[in-house]
Amino acid sequence: MRRIDDLIARMTLAEKLGQLTMTAADNAVTGPAGPGGDLEAEIAAGTLGNLLNLYGTERVHAIQAAARRSRLGIPVLIGLDVIHGHRIQFPIPLAEAGLFDPEAWRDSARSAALEAAADGLAMTFAPMLDIARDPRWGRGAEGPGEDPLLASRFAAAKVAGFQDGDLARPGALAAVAKHYCGYGAVTAGREYAATDISDRNLREVHLPPFAAAVRAGVAAVMPAFTDLGGVPMTANRAMIENVLRGEFGFDGVVVSDYTAINELIKHGVAADAVEAAALALTAGVDIDMMSDAYRGALPAALERGLVSMAMIDTAVRRVLTLKEKLGLFDDPFARGFAQSGDAQRRALARDVAARAVVMLKNDGDALPLAGKCIALIGPLADAAAQMRGPWWAAGVPEDCVTVRAGLDAAGLDIRHAPGVAIEGGDDAGIADALAALDGADAAILCLGEAAVMSGEAASRAHPHLPGLQQALADAVCEKARARGIPVITVLFSGRPLIVPELVEKSGAVLAAWFLGSEAGHALADIVTGRRSPSGRLAVTWPRALGQVPLFYAQRPGGRPENPADHFTSKYLDVPNTPLFPFGHGLSYGRFIYEDISVTPSRLGPDGEISVRVDIANTGARAAGETLFLFIHDPVASVSRPVLELKDFAKITLGPGEKGMVTFTLAAAALAFPGLDGKPLLEPGDFEILVGPCADRAQLLSRTIRLADREPV
Ligand code: GLC
């Protein structure tokens, strides 16, 4: 730390504020156009310390050389949104979460980090940990779904993968947990809108993944654009200083979102950039991304006594400490190394993509394909650029394997017809699509959204099939039925689309989300039966938009649904149940949950239970199964959700094989935030439930009793 103390003592105000500034270069566009300017000159002058959206060894090393020429020679921190891959793209996080496999999540992050560090990067603005329960919001695509336990496990795995245990390693990236906090609860699913979240919801749903990221040692945190009950997160001292740093013990860097400091003026909490900069620094925001408010307005804020030099030094110290941990002072040219490994990276991307595919339906065993002659129809069948999904970092379309290319490579006889575009009103191609069905053994419909219809600034008020795709599907399904051939619908989207009619008419439905560079090979592996589908839903799939927000962990209310009683919680026109529940996903096996045992049936506050489940694969094919462990606390001092996920596990069984899965659950896992927001462990009965998804009808359960002291 002596180096840092010595530097701070020598730094001018302009040099300090430069270290608190992050400006965008031009390798990616991830926000409103910036001020432009000669970045290299600013860096050589010592008035700019951090960049985003720049990669490539030559460019990065030129930037670091410019920093070396500055008076103090402080190296530059360079970040990019490596959300699900750098050049080789993995499936979008909403898809990858559905693997329910922390090892895979870590491995894909490690692989992407190596590729990004080889391109000179030292930071990724990931993992995104926003809990999303509204398909109108586009950014659910970037996150781990609706459940805080799943998101917490995802957070820990991603931080471990990106940061590689020691940030000084050349292949390590500083991870940034974002967007702190509650962004996914935007009003009406509308992007950047206000959020109003109860303290309970904040504690139980939105904060846990960030606490998990901090426990995992995340290097940085990015506050959300949004407000929380009227206090913008970028100015939210209570949430940043008291909760994140104080309660969670976070000691890293807080980097604002893109122009978020200046946006405090539009939020209506700052009259000008001086007040905005002062609010953000006071709240604990260390780096100003793209507002240029710190460089431009903190000198005046100092003059007015709105901030102190000590506050500025504290922020500078955090930034320089991160640069030191990254090894940038020791060797700013260590990142930007030559690396091979593309073949292994593609193999991993193909494996993760195949495991991310969720088979939602498979009536009459439409899959795996029985014949070789396939009518491949729809605007997503041969759409390389779309396979990347939102946030593609350095990924390029030509690196992506389309469905058409994947099925071709698998030796199928393909008749391809797009039918209609993703959007637009031209139906002239439907005739050709219907003609492709002649002589085909099956039809594969590739439908859904364009990559940019989810992700940032991509809320949709009608999250249905865009354009004339439903008309195409109706015509294809009608003719296929007349010809007696199955229709397999493959849905590409960054959200659960509201498509009940399409699901009804299709023989099989695969949720393919956006699978990344190996999409075509992964889907070919699944539809040909080379691999069994094993992906599960990380979000509840609604039947109707009117059900939203729809998630499994709801509290029962005082009049829970009872079809026999008019005066109970339900709609007149739609069942309460989702189209597909959280955790749903079929395989080519047939898994039967035969028995559950829970021991001991009584435990004290320091005890733990062992939950054993006997399971069999009665199907004709080997397959993998994910089992979910839920609890329900039927009587407590606070109304508890009807189900709460507490663990998940996996097993692979051959045809006809039986197996056993054991969970261990500590009594502490039965706690919930009490009325004071602190963890509360209340004696009483608890249901322990295990099964394939958040559908109580499919769960085996036992009841245990938690005593207020250890049983003798
Ligand atoms: C964007 C996003 C954020 C991203 C940042 C830098 O606006 O909100 O997730 O990391 O800007 O690209």
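Above this text sits the structure in question.
A. Structural view of the overall build of the protein. Along the backbone of the protein there are 20 helices and 26 strands. With the C-alpha coordinates of the protein rotated into their principal frame, the extents come out at 80 × 70 × 45 Å. For the protein, the proportion of its 712 residues judged to be buried stands at 61%. Counted over contacts in the protein with a minimum sequence separation of 6, partners at least 24 positions apart contribute 78%. About 25400 Å² of surface is accessible on the protein, with carbon and sulfur atoms providing 52% of the total. In the protein, which carries 67 positive and 85 negative side-chain charges, the distance between the mean positions of the two groups comes to 2 Å.

B. Seen up close, the site of the ligand. Lining the immediate environment of the ligand, one finds 14 residues, of which Thr30, Asp81, Lys178, His179 and Asp257 sit closest. Between the ligand and Lys178 there is a distance of 2.7 Å, counted from an oxygen atom to a side-chain nitrogen or oxygen. Between Asp257 and the ligand, the recorded distance is 2.7 Å, taken from a side-chain N or O atom to an oxygen atom. Protein contact buries 100% of the 310 Å² of open area that the ligand shows by itself. Residues that form the shell around the ligand fall into these classes: seven nonpolar, two polar and five charged.

C. Here's a closer look at the side chain of Thr568. In this structure, Thr568 sits in the loop between helix H20 (519–527) and strand E17 (591–599). A distance of 2.8 Å separates a polar atom in the side chain of Thr568 from the backbone oxygen of Asp565. Apart from residues lying up to four places away in sequence, Thr568 is in contact with Arg559, Pro560, Glu561 and Asn562.

D. Here's a closer look at helix H14 (residues 309–325). The terminal C-alpha atoms of H14, which comprises 17 residues, lie 24 Å apart, in line with the 24 Å expected from a rise of 1.5 Å per residue. Among all positions in H14, only Ile312, Asp313, Ala315, Val316, Arg318, Val319, Leu320, Thr321, Leu322, Lys323 and Glu324 are buried. A positive backbone phi angle near 80° is found at Gly327, which sits one or two residues after H14.

E. View of the pattern of salt bridges. The final tally for this structure, using the stated rule, is 51 salt bridges. The shortest N-O distance in the salt bridge between Asp134 and Arg136 comes to 2.7 Å. You can call Asp134 buried: its relative accessible area is 11%. Between Glu644 and Lys646 there is a salt bridge whose closest N-O contact spans 3.8 Å.

F. View of the nonpolar core. If you look at the biggest cluster of nonpolar residues, it comprises 221 residues, and the most contacted ones within it are Tyr180, Ile444, Phe492, Trp513 and Trp541. When residues no more than four places from it in sequence are discounted, the contact partners of Ile444 are Leu369, Ile374, Ala375, Leu376, Ile377, Leu407, Ile488, Val490 and Val527. If you look at the next biggest cluster of nonpolar residues, it comprises 26 residues, including Leu603, Ile609, Leu670 and Phe686.

G. Quick peek at the sheet that holds strand E3 (residues 77–80). Strand order in the open sheet formed by eight strands is E9-E6-E5-E4-E3-E2-E1-E10, with parallel pairing between adjacent strands. Each edge of the open sheet is held by one strand with a lone partner, namely strand E9 (253–254) and strand E10 (288–289). Looking at chain direction, E3 and strand E4 (residues 123–124) are connected through two bridges and run parallel. In the strand pairing of E4, Gly79 is matched with Met123.

H. Up close: the sheet that holds strand E19 (residues 608–617). Read from one edge of the open sheet, three strands run E17-E19-E22, paired in antiparallel fashion. Either end of the sheet is taken by a strand with one partner, and the two such strands are E17 and strand E22 (658–666). Between one strand axis and the next, the sheet turns through 20° on average, direction left out of account. The sheet contact formed by E19 and E22 spans nine bridges and is antiparallel. Pairing of Ile609 across the sheet is with Leu665, part of E22.

I. The arrangement of the packing of aromatic side chains in detail. With the rule as written, the count across this model stands at 15 aromatic pairs. Ring centres of Phe100 and Phe582 lie 6.0 Å apart, and the angle between their planes is 85°; this geometry places the pair in the edge-to-face category. Within this pair, whereas Phe100 is found in the loop between helix H5 (93–96) and helix H6 (102–118), its partner Phe582 is found in the loop between H20 and E17, the two being separated by 482 residues in sequence. For Phe582, a relative accessible area of 0% corresponds to the buried category. Here the aromatic cluster, defined as three or more aromatic residues joined through ring pairs, consists of Phe100, Trp105, Phe154, Tyr552, Phe582, Phe628, Phe630 and Phe648.

J. Representation of the pairing of strand E11 (residues 358–362) within the structure. With five of five residues buried, E11 lies mostly within the body of the structure. Summarising the sheet, E11 and strand E16 (residues 508–511) pair through four bridges and their orientation is antiparallel. Residue pairing in the sheet places Lys361 in a bridge with Val509 of E16.

K. Fine view of the environment of Glu710. Positionally, Glu710 belongs in the segment after strand E26 (700–706). When the C-alpha positions of Glu710 and Leu603 are compared, they lie 6.3 Å apart, and in sequence the two are 107 residues distant. If we ignore the near neighbours within four places in the chain, the residues touching Glu710 are Gly604, Pro605, Asp606 and Gly607. In this structure the side chain of Glu710 is engaged in a polar contact, spanning 2.7 Å, whose partner is the backbone nitrogen of Asp606.

L. Looking closely at the packing of helix H1 (residues 2–10) against H14. In contact at an axis separation of 10 Å, H1 and H14 are set at 135° when each is read in the N-to-C sense. As the angle between them shows, H1 and H14 are arranged oblique. Taken as a pair, H1 and H14 cross one another with a handedness that is right-handed. Counting all contacts with H1, which are made through Arg3, Ile4, Asp5, Leu7 and Ile8, the residues of H14 involved are Asp313, Val316, Arg317, Leu320, Thr321 and Glu324. Residue composition of the contact of H1 with H14, grouped by class: five nonpolar, one polar and five charged.

M. The arrangement of the environment of Pro379 in detail. Here Pro379 lies in the loop between strand E12 (373–377) and helix H16 (403–409). Taking C-alpha positions, Pro379 is 36 Å from His206, a pair spaced 173 residues apart along the chain.

N. Structural detail: the side chain of Asp81. Within the secondary structure layout, Asp81 lies in the loop between E3 and H5. Of note is the side chain of Asp81, whose polar atom sits 3.0 Å from the side chain of Lys178. Once residues within four sequence positions are removed from consideration, Asp81 is found in contact with Thr30, Asn53, Thr124, Phe125, Lys178, Trp391 and Ala393.

O. Focus on unusual backbone geometry. Residue Pro127 follows Ala126 across a cis peptide bond; omega there is 10°. By secondary structure assignment, the location of Pro127 is in the loop between E4 and helix H7 (148–163). Here Leu367 and Pro368 are connected by a cis peptide whose omega angle stands at -5°. A positive phi angle is found at Asp164, which is not glycine, with a value near 60°. The topology assignment puts Asp164 in the loop between H7 and strand E5 (174–180). Although it is not a glycine, Ala188 adopts a positive phi angle of roughly 60°. Here Ala188 is to be found in the loop between E5 and helix H8 (199–206).

P. Summary view of the environment of Val635. With respect to the helices and strands, Val635 occurs in the loop between strand E20 (623–632) and strand E21 (644–653). Residue Val635 is classed as exposed on the basis of its relative accessible area of 66%. Each C-alpha atom, one on Val635 and one on Gly684, is 7.5 Å from the other, the two residues being 49 residues apart in sequence.

Rules behind the numbers
Residues numbered from 1 in each chain as written. Predicted model: local features only at pLDDT ≥ 70, side-chain atom pairs only at ≥ 80, totals over all residues. Heavy atoms only, no water. Helix = DSSP H or I, 4+ residues; strand = E, 2+ residues; numbered from the N terminus. Buried < 20%, exposed > 50% of the residue type's maximum accessible area, 1.4 Å probe, protein only. Contact = heavy atoms within 4.5 Å. Areas by Shrake-Rupley, 256 points an atom, 1.4 Å probe, with all protein chains shown as cover. Lys, Arg positive; Asp, Glu negative; His and termini not counted. Charge placed at Lys NZ, Arg CZ, Asp CG, Glu CD. Near = heavy atom within 4 Å. Polar contact = N/O pair within 3.5 Å; in protein donor to acceptor, adjacent residues only side chain to side chain. Nonpolar A, V, L, I, M, F, W, Y, C, P; charged D, E, K, R; others polar. Expected span 1.5 Å × (residues − 1). Salt bridge = Lys/Arg side-chain N within 4 Å of Asp/Glu carboxyl O. Core = buried A, V, L, I, M, F, W, Y, C linked by side-chain atoms within 4.5 Å. Pairing = 2+ DSSP bridges. Axes fitted to C-alpha atoms, helices over the stretch in contact; angles between N-to-C directions. Phe/Tyr/Trp six-rings, centres within 6.5 Å; stacked < 30°, edge-to-face > 60°. Parallel < 35°, antiparallel > 145°, perpendicular 65-115°, else oblique. Left-handed = near helix turned anticlockwise from the far one by under 90°.

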